[in-house]
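What the coordinates show
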Amino acid sequence: MTSFFRKSRIAGPIAACAASAALIVVLNASPWIIFSPPNHPSRPAAISLQTPPGPESGPCPESGPHGNPSVASGAPEALIPDNPPVEDPVLKDAEISDHSETDNSQDYESSKGIEDATTGKPFQGKHWNSVIGVGGGSGGAFGGRFGGRRNLRAYGGGRLQRYDSDPAEGGVMNTEQYANIKENPFLQSADNPLSTFSIDVDTASYSVMRSHLSGGALPPRDAIRIEELLNYFPYSYEDPLESGPFGVGVEFCGCPWAPSHRIARIGIKAAEVRREDMKPANLVFLVDVSGSMMPQNKLPLLVKALKLLLGELRSEDRVAIAVYAGASGLALQSTACDRKAEIAAALDKLSSGGSTNGGAGIQLAYKVAAENFVPGGVNRVILATDGDFNVGVSSHGELVRLIEEKAKTGMFLTVLGFGRGNYKDSTLESLADKGNGNYAYIDSLLEAKKVLVEQVGGTLVAVAKDVKIQVEFNPACVDEYRLIGYENRLLRKEDFNDDTKDAGEIGSGHTVTALYELVPAGLGGGARVDALKYQNAPRLAPGAYSGEALTVKIRYKKPDGDTSVLMEFPSVDSWTPFAQASCDLRFACAVASFGMLLRESEHKGASSFDSVLVLALECAGRDPGGYRAEFARLVERAREIAGTAGKRTD
């Protein structure tokens, strides 16, 4: 059966492709590219839009200072039809050849020694990936320049998908997905005294934002989760208490973007587990080797990143490598880390090709983790992918339920995202949240070093799980409040005391920051609804006159526990001016202000890129790793982009 790829409204000539497998048919001025692989009629070809790397287009994961782009606007992306081949092989102890991301010819791979996880039988013969490039800008497989936004449809498996591609971005199709975020509104403390949410230590949004800015565009609004921008940075918070796994502090100051308002910052610092005290680790690297992982900023960068993590593991730790494309299989059985050369060699053999059966891969990874479970140890699946699940158990609900079930057995999940163009941020964030784990986006080797070397304890070792925060506001001191960020982590007030409700985890040495914008008593906007007919306004309790502005309550469970522990921290606002606040709090306000600007928030007030930049430079302070200095550079970059065309990727 042949496969079809249709290109509509092409504003420019199309040169004939040299590949003999392609045939161009022109119908009503709309060309059809019809191709079928020789001697393999049962498997559809992989379709790829590619722009040959030029001086500014090729991905370079290792270039520049921390956070410099590993993805350029002209980086190629692969599009794989949705129908899985019946005989899609699995990598198992196989010699797999490397793919060239600019190769537009048909590529045949030997499958000798590869096992199909579905049948358990060796796969005989050959499988192939046919790649046809359509160039944007100058060059490309067909050459020429195409003007205007193009609508492209890829046909596969009887399903129709629509992709948009902007020639100004190198002709790369963009099917990225980010969950819609509706910003938290101001709430009246008299009517809504309790604010409840789950803790979050993910940092992926910051790296995604950096990747877009480095590529010359403002990030999509929904890619900006302000809590993840805040939590990207380390802060000097209170040390953990002897009675609990973390320390908690509250600080108040004036609000820089709304001078009549106040800021309350909740800062949490987790206990740090020393390397020598860490329990043995049972890790399963679950690697996406589908065709979409071919570019240098995906699978090749992924392999380098996992090798960095491998270097941090001890001889008593164990690693297995599971892979998935159209099917799933083992590239390496669980192996002790005193054989790191063998593990590294297995990583080097990985190569991309095929469709993406993510659900089957996750099921296999948890099966392997269960077979090698270490009681009391670190049992974790590390999923490394662009999140483009399109075969098998691929619906959001099915994947979330699968991850939740496995998390209850003591096997946690870390998610590492890679690449651009077809990146599925919304899926990966949900999986990490439900899998008692964390989520990071790797856009360079330096980011991989931060997540998998410098913060390896926090990435792998949880010191508390199901951590919930509930803040009670005193109406005598606070008229209104607004939680900045954490929109997709909100909980009902009843969930706080319900130990069956899942919440976030905090890892060794992690810091967590939450900011509230407060409207002091007497400055509120007045009643937002009419007075009630059947009840009077509630009378304040004696505690309202204590001077406390709020009380922070935290519930958490031990990593292997099922019953939560409660901590309480009443706090008084001493009316510190913004200029006299701690360096950490002022820097956090700069980050939050920047996030609101990128989101074009209705609450951004007097925020500007200039004011954010001044704050970022003033509050750099002690900056190990140079993360705050890098933030200042990103603010400058965003100001430059917004001040010119204001180009945005959504």
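As a reminder, the structure under discussion sits directly above these lines.
Residues numbered from 1 in each chain as written. Predicted model: local features only at pLDDT ≥ 70, side-chain atom pairs only at ≥ 80, totals over all residues. Heavy atoms only, no water.

1. Brief notes about the overall build of the chain
Check the secondary structure of the chain and you find 12 helices and 26 strands. Counting only residues that meet the buried cut, the chain has 59% of its 650 residues in that class. For the chain, the proportion of contacts with a sequence separation of at least 24, taken over those separated by at least 6, is 78%. Per element, the accessible surface of the chain, about 25800 Å² overall, is 51% carbon and sulfur. (Helix = DSSP H or I, 4+ residues; strand = E, 2+ residues; numbered from the N terminus. Buried < 20%, exposed > 50% of the residue type's maximum accessible area, 1.4 Å probe, protein only. Contact = heavy atoms within 4.5 Å. Areas by Shrake-Rupley, 256 points an atom, 1.4 Å probe, with all protein chains shown as cover.)

2. Remarks on the packing of aromatic side chains
For any pair of aromatic rings, geometry is given as the distance between the ring centres together with the angle between the planes. For the coordinates displayed, the defined rule picks out 17 aromatic pairs. Ring centres 5.9 Å apart and planes at 85° place the aromatic pair Tyr232 and Tyr627 in the edge-to-face group. Taken together, the residues Tyr232 in the loop between helix H2 (226–230) and strand E13 (246–254) and Tyr627 in helix H12 (residues 627–643) connect sequence positions 395 residues apart. For Tyr232, a relative accessible area of 0% translates into the label buried. (Phe/Tyr/Trp six-rings, centres within 6.5 Å; stacked < 30°, edge-to-face > 60°.)

3. As for the layout of surface pockets
For the largest pocket, the calculated volume is near 870 Å³. Lining the largest pocket are 40 residues, and of these Pro234, Glu454, Gln455, Gly509 and His510 lie nearest its centre. Those elements that provide at least two residues to the lining of the largest pocket are strand E14 (262–270), strand E19 (412–417), strand E20 (438–441), helix H8 (445–454), helix H9 (456–460) and H12. Looking at the lining of the largest pocket residue by residue, the class counts come to 16 nonpolar, 13 polar and 11 charged. (1 Å grid on protein atoms, 1.4 Å probe; cavity = no way out; pocket = protein on both sides within 12 Å on 5 of 7 lines; lining within 4 Å. Points joined across faces, edges and corners; volume = space filled by probe spheres on them. Nonpolar A, V, L, I, M, F, W, Y, C, P; charged D, E, K, R; others polar.)

4. Side note on the state of the cysteines
For the structure shown, the criterion picks out 0 disulfides. The structure places no disulfide on Cys253, whose sulfur is separated from the nearest cysteine sulfur, that of Cys589, by 4.6 Å. Looking at the unpaired Cys583, the closest cysteine sulfur is the one in Cys619, lying at 4.6 Å. (Disulfide = S-S within 2.5 Å.)

5. Description of the packing of helix H10 (residues 583–599) against H12
Between H10 and H12, the shortest axis-to-axis distance is 12 Å and the interhelical angle comes to 30°. What the angle tells us is that H10 and H12 run roughly parallel. Helix-helix and strand crossings are classified by hand; for H10 and H12 the assignment is left-handed. Here Cys583, Asp584, Phe587, Ala590, Val591, Phe594 and Leu598 of H10 lie close against H12, whose contacting residues are Arg628, Phe631, Leu634, Val635 and Ala638. Per-class residue counts for the contact of H10 with H12 are 10 nonpolar, no polar and 2 charged. (Axes fitted to C-alpha atoms, helices over the stretch in contact; angles between N-to-C directions. Parallel < 35°, antiparallel > 145°, perpendicular 65-115°, else oblique. Left-handed = near helix turned anticlockwise from the far one by under 90°.)

6. Here we look at the pattern of salt bridges
If you walk through the whole model with that rule in mind, you get 34 salt bridges. Residue Glu176 is joined to Arg420 by a salt bridge in which the shortest nitrogen-to-oxygen separation is 2.9 Å. Of the two residues, Glu176 sits in the loop between strand E10 (173–174) and strand E11 (187–188) while Arg420 sits in the loop between E19 and helix H7 (425–434), which places them 244 residues apart along the sequence. Of the two residues, Glu176 and Arg420, neither departs from the other in class, the shared state being buried. A salt bridge links Arg599 to Asp222; the nearest nitrogen and oxygen atoms lie 3.7 Å apart. Of this pair, Arg599 sits in helix H10 while Asp222 sits in the loop between helix H1 (204–214) and H2; the two residues are 377 residues apart in sequence, bridging distant segments of the chain. The exposure classification of Arg599 matches that of Asp222, with both residues buried. (Salt bridge = Lys/Arg side-chain N within 4 Å of Asp/Glu carboxyl O.)

7. Examining unusual backbone geometry
The bulk of non-glycine residues show a negative phi, and the bulk of peptide bonds are trans. Positive phi values are uncommon outside glycine, yet Tyr486 reaches one of about 65°. The residue Trp575 is not glycine, and still its phi comes out positive at about 60°. Take Trp575: it is sitting in the loop between strand E26 (565–572) and H10. Among the residues examined, Trp575 registers a relative accessible area of 52% and is labelled exposed.

8. What to know about the pairing of strand E22 (residues 478–484)
For E22, the tally of buried residues reaches 6 of 7 residues, placing the bulk of the element in the interior. Across 6 bridges, the pairing between E22 and strand E24 (residues 511–520) is antiparallel. Looking at E24, one finds that Ile484 is bridged to Leu515. (Pairing = 2+ DSSP bridges.)

9. Quick notes on the nonpolar core
Counting 45 residues, the largest nonpolar core has Met209, Phe233, Trp257, Phe594 and Phe631 as the members making the most contacts within it. Considering every element that reaches this core, the biggest residue donor is H10, with 11 residues. Setting aside residues no more than four positions away along its own chain, Trp257 makes contact with Ile263, Ile484, Glu517, Cys589, Ala592, Ser593, Met596, His603, Lys604, Gly605, Ala606 and Ser607. Listed in part, the 42 residues of the second largest apolar core include Met278, Leu301, Leu306 and Leu332. (Core = buried A, V, L, I, M, F, W, Y, C linked by side-chain atoms within 4.5 Å.)

10. Notes on the sheet that holds strand E16 (residues 318–324)
Pairing between sheet strands relies on hydrogen bonds along the backbone, with the strands arranged either parallel or antiparallel. With respect to topology, 6 strands assemble into an open sheet ordered E17-E16-E15-E18-E19-E20, the strand pairing being mixed. The open sheet has two edge strands, strand E17 (328–336) and E20, and neither has a second partner. Each strand of the sheet is rotated relative to its neighbour by a mean of 15°, with strand direction disregarded. Across 4 bridges, E19 lies against E20 in parallel orientation. When the bridges of E20 are listed, Val415 appears paired with Tyr439.

11. Overview of the pairing of strand E15 (residues 281–288)
Burial runs high along E15: 8 of the 8 residues are buried. As judged from the 7 bridges shared by E15 and strand E18 (residues 378–385), these two strands associate in the parallel manner. Counterpart to Val284 in the pairing with E18 is Val381. Of the strand pairs in this sheet, E15 and E16 are connected by 7 bridges, and their pairing is parallel. Residue pairing in the sheet places Asp288 in a bridge with Tyr324 of E16. Of the crossover connections in this fold, the one passing from E15 over helix H3 (residues 299–312) to the parallel E16 is right-handed. (Right-handed = clockwise from strand over helix to strand, strands pointing away.)

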